[in-house]
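A look at the structure
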Amino acid sequence: MTSGIPFPDLSPEIFTIEIGSFAFSLRWYALAYIAGLIAGWRIVVALMRRSGLWPAGRAPMPVERVEDLLTAIVIGVILGGRLGFVLFYQPGYFLANPWDIPKVWQGGMAFHGGFLGVVVAGIWFCRRHGVPMLQLADALALATPAGLFFGRIANFINAELWGRPTDMPWGVIFPGEAAQTCEGIAYGLCARHPSQLYEAGLEGLLLGLVLLLAVRAGALKLPGTVTGLFIAGYGAARFFVEFFRQADPQFITPDNPMGNALQLGATGLSMGQLLSLPMIAIGVWLVLRARRQTAAPA
């Protein structure tokens, strides 16, 4: 397999500042987190200023409270994302090397863990400040796709989380020995699915557009609807992309070359797909619940 698009000459680091023996580097991944949080913050602020979008024409909290929310969300994303990666993907390694758990700068964050971290942070914030939980969840759901988009673009720039080998003309020749170690290819270059870009398009752009259209159609007046659409939409997008995404190496064995976390005869499901199925079910349930409660007689 020699056809494919050469990976662009991109560095994971935007710039590095060296002062004596100290070096500080700003990486694209860190910038993606910052950009996603800022974009989400501005989206939530805009929603709180448009009271007409909400039930009874009243926003769930004052604009001034959004900065407190941002602090809670940042903590939830970092702790949840890291602990999710530790527990879902490499529990054996971190059990043997617990001192590596805090080393977030070395990479290793899981979206599903970060999502749970945001849920916990959101519940705490609502209880502390008396904010309607489902309405806050709807605002956060609309704000999240922007961060997902930036994060997946950063994954591509970092040449990480690439997809399975492919002979499609848009396959990308990612650098590195791991990316170029492809079963059945002894000579030549290996092109892979740019699954990071698939996710940026589906989880970021498409899902964000769907949620925006839902809000414009009045979905925020039915608490839980936007949240359900986001959870189900993300789960469906991630489930689909997993067919093209390279499995995590800890799941790949000679008897399980596809890296399925659950083997089902000749096929199976990846860890990402297993974690996405409950999201789809919960999301659909939330949407149906919101519609039933609205349709119920007073």
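Coordinates for the structure precede this section.
None of these values were measured; they are calculated from a predicted model. (Residues numbered from 1 in each chain as written. Predicted model: local features only at pLDDT ≥ 70, side-chain atom pairs only at ≥ 80, totals over all residues. Heavy atoms only, no water.)

Counted by the stated rule, this structure contains one cavity of 30 Å³ or more. Within this model, the largest cavity holds a volume of roughly 40 Å³. Taken together, E242, A247, D248, F251, G259, S270, M271 and G272 make up the lining of the largest cavity. Here the lining of the largest cavity is built from residues that sort into three nonpolar, three polar and two charged. (1 Å grid on protein atoms, 1.4 Å probe; cavity = no way out; pocket = protein on both sides within 12 Å on 5 of 7 lines; lining within 4 Å. Points joined across faces, edges and corners; volume = space filled by probe spheres on them. Nonpolar A, V, L, I, M, F, W, Y, C, P; charged D, E, K, R; others polar.)

Our focus in this paragraph is the side chain of R164. Considering the arrangement of structural elements, one finds R164 in the loop between α5 (133-157) and β4 (172-173). One buried charged side chain, R164, makes no salt bridge at all; its nearest oppositely charged neighbour is E242, positioned 5.9 Å away. If we ignore the near neighbours within four places in the chain, the residues touching R164 are A191, R192, H193, E242, F243, F244, R245, Q246, A247 and M258. (Helix = DSSP H or I, 4+ residues; strand = E, 2+ residues; numbered from the N terminus. Buried < 20%, exposed > 50% of the residue type's maximum accessible area, 1.4 Å probe, protein only. Lys, Arg positive; Asp, Glu negative; His and termini not counted. Salt bridge = Lys/Arg side-chain N within 4 Å of Asp/Glu carboxyl O. Contact = heavy atoms within 4.5 Å.)

Okay, the packing of aromatic side chains next. Evaluated as defined, the whole model comprises 10 aromatic pairs. Where F7 meets F174, the ring centres are 5.5 Å apart and the plane angle is 40°; that geometry is what we call tilted. With F7 in the loop between β1 (5-6) and β2 (13-19) and F174 in the loop between β4 and α6 (195-216), this pair connects stretches of sequence that are 167 residues apart. One exposure class covers both F7 and F174, and it is buried. Among the aromatic residues, ring-to-ring pairing joins F7, F156 and F174 into one connected group. The ring of W41 has R42 sitting right over it, with the charged end atom 4.9 Å from the ring centre. (Phe/Tyr/Trp six-rings, centres within 6.5 Å; stacked < 30°, edge-to-face > 60°. Lys NZ or Arg CZ within 6 Å of the ring centre and 35° of its normal.)

On to unusual backbone geometry. The phi torsion at A56 lies on the positive side, around 60°, for a residue other than glycine. When you line up the elements, A56 lands in the loop between α1 (28-49) and α2 (66-88). Even without glycine at this site, A159 takes up a positive phi of about 55°. Along the chain, A159 turns up in the loop between α5 and β4.

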